[in-house]
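# Architecture and fold: a report
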Amino acid sequence: MEIQVHAIALATALAVAAVLPQPGFAQESGEYFVVQQAQGASTVSLGGTVIPYKEVTLSAQLPGRVKHLAGIEGDTFEKGTLLVALDDTELLAKRNAALAQLANADAQLRAAGVQYNRELWSPQSKQAMGGMGLPNLFDQMFTRPMEGMAGNRNQNVERRADLYASGVQITQAQNAILSAQSQIQAIDAKLRDAISLAPFDGVILKKYVEVGDTMQPGQPLLVYADVEYLQIMVDVPARLRPGLYEQMMLQAELDVTGQVVPVRVAQIFPTADSQRHTVKVKFDLPQGVSAPGMYVKVRVPDLTAPARNHPVIPASSIRYNGSLPGVYVEGKGGRPELRLIRVGESLDNGYVSVLSGLSSGERILRNPVNGVASGWVSPADKR
């Protein structure tokens, strides 16, 4: 199906190009142009809006007061530039407290390690009890051995219990360190959320805040976009969708200047709007011809409409009498006569189609001079 659509569009373009007068087209006179007939697929002008190639809305991720704003609408910035910053005094205080907890946990870990090594090499269960020399000696030689023989005391069990207790202290200290580190990481993440950096080279399109404003999570801060490359967003009726394919070249008319520029189909959305029955299509614009938000009309081929069959004339031959377009047609005796026409769409190579007022084969002045009127005769005709 796609190959057939491409073939139809290509054949249409070749048919239109074949009937358009090309540079060097032989005319019977240098001043006159013989009206030609153009045939090809009809086109429909669809209104669209110029949008940036990339656009983001930066929003607040946490509550706070705006303490820094990089600029205003129209200011340009490079990627990584600080655009907006919220007050982070409270977060920095919490981070310092978490750092203190981390230091205490680290000290506890070292102390628990020392106690474990002491119990490993100098068990408390085997240490002599304090007191006078002779009673202490008696206790080591008679009392403790008798307790072991009687089954009232087991020094190995006591040693294992003491080692286990020291190991638990080490584990608790390690967990305290992990908890403090996690708190620091969470605070660092919030500190990153307190600032908004430029994600790419671009310009501020709209700002919603000023320095000193109090923000809540989710509130927009500013709209930032890359306006070096622009596109046109158009809602194309579903019946016109088969006539479009990506990388297809079309024409668009700028609403402000009336300039006709080439555009390219950049993206065709995969689904249609269920209520409006339209498909969103993006077209690439040439650089420097428009600005975001401008209105543009894109000429989309309509394969379902009857083929057009209109005369084609140079745009330079049209003169406006007030708001009415007209051309000077060669009349009887070679004298030009003014005739009002209805102008259609602009074509390639500086030609326009004529909906009514002219017929194929008629001769018109290619570029009427200022002051020409009906009955005017050129100096060449006088000779």
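Quantities reported herein were computed from a predicted structural model and do not represent experimental measurements. (Residues numbered from 1 in each chain as written. Predicted model: local features only at pLDDT ≥ 70, side-chain atom pairs only at ≥ 80, totals over all residues. Heavy atoms only, no water.)

### Here we look at the overall build of the chain
- For the chain, the helix and strand inventory stands at five helices and 21 strands.
- Burial statistics for the chain: of 383 residues in total, 33% are counted as buried.
- Here the chain displays about 22300 Å² of accessible surface, and carbon together with sulfur accounts for 53% of that area. (Helix = DSSP H or I, 4+ residues; strand = E, 2+ residues; numbered from the N terminus. Buried < 20%, exposed > 50% of the residue type's maximum accessible area, 1.4 Å probe, protein only. Areas by Shrake-Rupley, 256 points an atom, 1.4 Å probe, with all protein chains shown as cover.)

### A short note on the confidence of the model for the chain
- When pLDDT is averaged along the chain, the result is 79; 77% of the residues meet or exceed 70.
- For the chain, per-element mean pLDDT is lowest for helix α1 (residues 2-19), which scores 41, and highest for strand β13 (residues 278-284), which scores 94.
- Predicted confidence for residues 376-383 stays below pLDDT 50, and this span has eight contacts to residues more than four positions away or in other chains. (pLDDT = per-residue confidence, 0-100. Contact = heavy atoms within 4.5 Å.)

### Observations concerning the packing of aromatic side chains
- Counted according to the given criterion, the structure contains two aromatic pairs.
- Geometrically, the ring pair formed by F33 and Y351 is tilted, given 6.0 Å between the ring centres and 45° between the ring planes. Of the two residues, F33 sits in strand β1 (residues 32-34) while Y351 sits in strand β20 (residues 351-356), which places them 318 residues apart along the sequence.
- A relative accessible area of 8% places Y351 in the buried class. (Phe/Tyr/Trp six-rings, centres within 6.5 Å; stacked < 30°, edge-to-face > 60°.)

### Comments concerning the pattern of salt bridges
- Under the definition given, this model contains 13 salt bridges.
- Notably, a salt bridge pairs D235 with K280, separated by 3.1 Å at the nearest N-O pair. Pair noted here: D235 is in strand β10 (residues 220-237) and K280 is in strand β13, with a separation of 45 residues, a long-range link.
- A residue is classified by how much of its surface remains accessible, and D235, at 23% relative accessible area, is partly exposed.
- Between D284 and R264 there is a salt bridge, and its shortest N-O distance comes to 3.3 Å. Pair noted here: D284 is in strand β13 and R264 is in strand β12 (residues 260-268), with a separation of 20 residues, a long-range link.
- In the salt-bridge network here, residues are joined through shared partners; they are D235, R276 and K280. (Salt bridge = Lys/Arg side-chain N within 4 Å of Asp/Glu carboxyl O.)

### Focus: the sheet that holds strand β4 (residues 64-69)
- Ordered in space as β7-β6-β4-β9, the four strands form an open sheet in which the pairing is antiparallel. Strands with a single pairing partner mark the edges of an open sheet, and in this sheet they are β7 (195-197) and β9 (214-215).
- Sheet topology note: the β4/β9 ladder contains two bridges and is antiparallel. Across the sheet, residue R65 finds its bridge partner in β9, namely T214. (Pairing = 2+ DSSP bridges.)

### What about the pairing of β13?
- Judged by how many residues are buried, β13 sits mostly within the fold: six of seven residues are covered.
- Examined bridge by bridge, β10 and β13 share seven bridges and lie antiparallel to one another. By the bridge assignment for β13, P237 is matched with T278.
- Bridge analysis of β12 against β13 gives four bridges, and the strand direction is antiparallel. Bridge pairing in β13 links V265 to F283.

### Quick notes on the pairing of strand β18 (residues 336-340)
- Bridge analysis of strand β17 (residues 324-330) against β18 gives five bridges, and the strand direction is antiparallel. Each residue of the ladder has a partner; that of E330, found in β18, is P336.

### Considering the environment of K206
- Following the sequence through the fold, K206 ends up in strand β8 (residues 202-207).
- The spatial distance from the C-alpha of K206 to the C-alpha of Y224 is 7.3 Å, given a sequence separation of 18 residues.
- K206 has contacts with E73, L222 and V223, leaving out every residue within four places of it along the chain.

### Focus: unusual backbone geometry
- Of note, Q247 is a non-glycine position whose phi angle comes to about 75°, a positive value.
- Relative to the elements of secondary structure, Q247 occurs in the loop between β10 and β11 (249-254).

### Points about the environment of V227
- Assignment of secondary structure puts V227 in strand β10.
- Between the C-alpha atom of V227 and that of Q287, which follows or precedes it by 60 residues, the distance is 9.3 Å.

### Section: the side chain of D302
- By the secondary structure assignment, D302 is in strand β14 (residues 295-302).
- By relative accessible area, D302 is classed as buried at 5%.
- Engagement of the side chain of D302 in a polar contact is seen with the side chain of R239, the distance being 3.0 Å.
- Dropping the residues within four chain positions of it, D302 is found in contact with S42, T43, V44, R239 and L240. (Polar contact = N/O pair within 3.5 Å; in protein donor to acceptor, adjacent residues only side chain to side chain.)

### Topic: the side chain of Q231
- For Q231, the location among the structural elements is in strand β10.
- The exposure class of Q231 is buried, given its relative accessible area of 6%.
- Looking at Q231, its side chain comes within polar contact range of the side chain of D284, at 2.9 Å.
- Setting aside anything within four residues of it in sequence, one finds Q231 in contact with T49, V50, I51, Y53, A266, K282, F283, D284 and L285.

### A few points about a nonpolar patch on the surface
- A cluster of nonpolar side chains, L82, I195 and L197, forms an exposed patch at the surface whose accessible area comes to about 220 Å².
- Within the fold, L197 resides in strand β7.
- On the accessibility criterion, L197 (43% relative accessible area) is partly exposed. (Patch = residues over 30% accessible without salt bridge, like charges linked within 9 Å, V, L, I, M, F, W, Y side chains within 5 Å.)

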